[in-house]
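# Structure assessment
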Amino acid sequence: HAHLLGIEPLAPADITAILDLADEYVALNRRDVKHADALKGLTQINMFFENSTRTQASFELAGKRLGADVMNMAMQASSIKKGETLIDTAMTLNAMHPDLLVVRHPHSGAVDLLAQKVRCAVLNAGDGRHEHPTQALLDALTIRRAKGRLHRLNIAICGDIAHSRVARSNLLLLGKMENRVRLIGPPTLMPAQMQDFGVEVYDDMREGLKDVDVVMMLRLQKERMDGGFIPSEREYYHRYGLDGEKLAYAKEDAIVMHPGPMNRGVEIDGEIADDINRSVIQDQVEMGVAVRMAAMDLLARNLRARRAEAVEGA
Ligand code: CP
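Counting restarts for each chain: residues are numbered from 1 in the order of the written sequence. Side-chain atom pairs in this predicted model are given and counted only at pLDDT of 80 or more, local residue features only at pLDDT of at least 70, and totals for whole chains, interfaces and linings cover all residues. Each side-chain value is derived from all of the structure's non-hydrogen atoms; neither hydrogens nor water enter the calculation.

Counting its secondary structure elements, the protein contains 11 helices and nine strands. Two things to know: the radius of gyration comes from C-alpha atoms, and the globule rule equals 2.2 Å times the number of residues to the power 0.38. The C-alpha radius of gyration computed for the protein amounts to 20 Å, which stays within 12% of the reference 20 Å derived for 314 residues, consistent with globular compactness. Taken over the C-alpha atoms alone, the protein extends approximately 65 × 45 × 35 Å along its principal axes. Across the 314 residues of the protein, 53% fall into the buried class. For the protein, restricting intrachain contacts to residue pairs at least 6 apart in sequence, the fraction spanning at least 24 positions comes to 74%. Here the protein has roughly 14300 Å² of accessible surface; of this, 50% comes from carbon and sulfur atoms. Under the convention used here, Asp and Glu are negative, Lys and Arg are positive, and both His and the chain ends fall outside the count. Where a charge lies is defined by one atom per residue type: Lys uses NZ, Arg uses CZ, Asp uses CG and Glu uses CD. In the protein, which carries 39 positive and 44 negative side-chain charges, the distance between the mean positions of the two groups comes to 3 Å. Only runs of H or I of at least four residues qualify as helices and only runs of E of at least two qualify as strands under DSSP, and these elements are numbered from the N terminus. Three exposure classes are used, based on accessible area relative to the maximum for each residue type with a 1.4 Å probe and protein chains only: buried under 20%, partly exposed in between, and exposed over 50%. Only heavy atoms enter the contact rule, under which two residues are in contact if any of them lie within 4.5 Å. Accessible areas in this description were obtained via Shrake-Rupley with a 1.4 Å probe; residue shielding takes into account the shown protein chains only.

Right, let's talk about the sheet that holds strand 7 (residues 200-202) for a bit. The strand order across the open sheet built from five strands is 7-6-5-8-9, with neighbouring strands paired in parallel fashion. Among the strands making up the open sheet, the edge pair consists of strand 7 and strand 9 (255-257). Averaged over all neighbouring strand pairs, the angle between strand axes comes to 20°, with direction disregarded. A pair of strands is treated as paired once DSSP finds two or more bridges between them. Two elements, strand 6 (residues 180-184) and strand 7, share three bridges in a ladder whose sense is parallel. Following the sheet pairing, Ile-184 is matched in strand 7 by Tyr-202. Convention adopted: a line fitted to C-alpha atoms gives each axis, helices being fitted over their contacting stretch, and angles between N-to-C directions are expressed from 0 to 180 degrees. Each of strand 5 (154-158), strand 8 (214-217) and strand 9 touches helix 5 (residues 133-147); the most contacted strand, strand 9, lies at about 165° to it.

Here we come to the pattern of salt bridges. By definition, a salt bridge exists where a carboxyl oxygen of Asp or Glu is found within 4 Å of a side-chain nitrogen of Lys or Arg. One pass over the structure, following the stated rule, counts 18 salt bridges. A salt bridge links Lys-147 to Asp-253; the shortest N-O distance between them is 3.7 Å. Of this pair, Lys-147 sits in helix 5 while Asp-253 is found in the loop between helix 9 (244-247) and strand 9, placing the two residues 106 residues apart along the sequence. Between Asp-213 and Lys-251 there is a salt bridge, and its shortest N-O distance comes to 2.9 Å. Residue Asp-213 is located in the loop between helix 7 (205-209) and strand 8, and its partner Lys-251 is located in the loop between helix 9 and strand 9; the two are separated by 38 residues in the primary sequence. Asp-213 gets classed as buried once you look at its relative accessible area, which sits at 6%.

Here we come to the site of the ligand. The environment of the ligand is made up of Ser-52, Thr-53, Arg-54, Thr-55, Arg-104, His-132, Gln-135, Pro-259 and Gly-260. Taking His-132, its side chain carries an N or O atom lying 2.9 Å from an oxygen atom of the ligand. Look at the ligand: alone it shows 250 Å² of surface, and the protein chains cover 91% of it. Its atoms largely coinciding with the cavity grid, the ligand occupies the largest pocket. If even one non-hydrogen atom of a residue comes within 4 Å of a molecule or strand, that residue is called near it. The definition of a polar contact used here is a pair of N or O atoms within 3.5 Å, where within protein one atom must be able to donate a hydrogen and the other to accept one, and adjacent residues in sequence count solely through side-chain atom pairs. As defined here, a cavity is a set of points on a 1 Å grid over the protein atoms alone where a 1.4 Å probe fits but cannot get out. A pocket is an open set with protein on both sides within 12 Å along at least five of seven lines, and residues line them when an atom is within 4 Å of a point. For a cavity or pocket, the test is whether more than half of a molecule's atoms lie within 2 Å of its grid points; if they do, the molecule sits there.

Taking the C-alpha atoms as reference points, Asp-213 and Glu-131, 82 residues apart in sequence, are found 24 Å from one another. If sequence neighbours within four positions are ignored, Asp-213 has contacts with Lys-147, Leu-153, Asn-154, Lys-251, Asp-253, Ala-254 and Ile-255. Here the side chain of Asp-213 touches Lys-251 through a polar contact of 2.9 Å, side chain to side chain.

Relative to the helices and strands, Asp-160 resides in the loop between strand 5 and helix 6 (165-176). Polar side-chain contacts of Asp-160 include one of 2.9 Å to the side chain of His-163. Polar contacts involving the side chain of Asp-160 include one to the main-chain amide nitrogen of Gln-221, which spans 2.9 Å. Apart from the residues lying within four places of it in its own chain, the contact partners of Asp-160 are Leu-189, Leu-218, Arg-219, Leu-220, Gln-221, Met-225 and Tyr-236.

Next up on the list: the pairing of strand 1 (residues 43-48). When you tally the buried positions in strand 1, you get five out of six residues, the bulk of the element. Two strands pair when backbone bridges link them, and strand 1 and strand 2 (residues 69-73) are joined in this way by five bridges, in the parallel orientation. Along strand 2, the bridge assignment pairs Thr-43 with Asp-69. Consider the strands pointing away from the viewer: the crossover is right-handed when the path from the first strand over the helix to the second runs clockwise. Note on the crossover from strand 1 through helix 2 (residues 54-65) to strand 2: the handedness is right-handed.

In the UniProt entry, the feature "binding site: carbamoyl phosphate" (unreviewed entry) is given for Arg-54, Thr-55, Arg-104, His-132, Gln-135, Gly-260 and Pro-261. Of the residues annotated just before, the largest pocket has Arg-54, Thr-55, Arg-104, His-132, Gln-135, Gly-260 and Pro-261 among its lining. Relative to the helices and strands, Arg-54 is located in helix 2. Its relative accessible area of 29% is what places Arg-54 among the partly exposed residues. Excluding residues that lie within four positions of it along the chain, Arg-54 makes contacts with Pro-259, Gly-260, Pro-261, Val-285 and Arg-292. Residue position: Gln-135 is located in helix 5. Here Gln-135 falls in the buried class, since its relative accessible area comes to 6%. Non-local contacts of Gln-135, meaning those with residues more than four positions away in its chain, are made with Val-166, Pro-259, Gln-284 and Arg-292. UniProt positions are given in the numbering used here, feature names are shortened, and annotations may be inferred rather than shown by experiment.

Here is the structure:
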């Protein structure tokens, strides 16, 4: 693959290859000296048109640990504010010969569009409610390491499914790896006809969580509820917030996940989030750096191979 735009185009073998390499980078990241040179000589530009803590920081660290020259565009201070379009911005950066472009954008499809206009590898760091592929990959690595496998697991994704690119990418990935996925959430935050995607849909947490191996919680994405129904946080926590009583319906060894940012007391009880026997939320963050190193390493190998072919063919 020339880009990483979503989980949709990936085959199970592609997913396994990224996770296997990411496992090696977890080991590197735990050492005192964390440097490798897979991206040496390459230029990585991070363009975040939407706020981020985890994704932006981990892509930056991942690039630096692999020896890339990393530049973070301050989008708030860029000429986008003066009316320059996304495509003109991309073409401008393209003329500076970057090798890897990491892009987060509030509009679904914006990153795909940009990838068609540039001559480097593009990584989608989240586009609207469409996809967030590196999040699904880091979630998969976290599950595989905690459960010892990434197939035939019962996995519940809970909360605001309708506005979530994380849910969409996870649904695609977990389905490709032959897991049973359940979606749990209020009908107002559940897209129509989800059953057609081969998932089970519940609006009752206790029913949906029964005997699951993995509980994945999502934030209420109010920034995407433009004018639509916004539930009261108290009522939402009562019905859909993960607390000890609801978690007791899952398997005894079920793990609790959350992509962050987390709203304690809204979708998750703070004590559950901090319970090191159940919560793997900090592991997800650790896996995020390794998965992004692996994804950029593989794309850079592909890029170098294509460039070498082009030179030979010239
Ligand atoms: N999980 C995630 O994408 O977090 P950020 O928005 O902080 O990057």
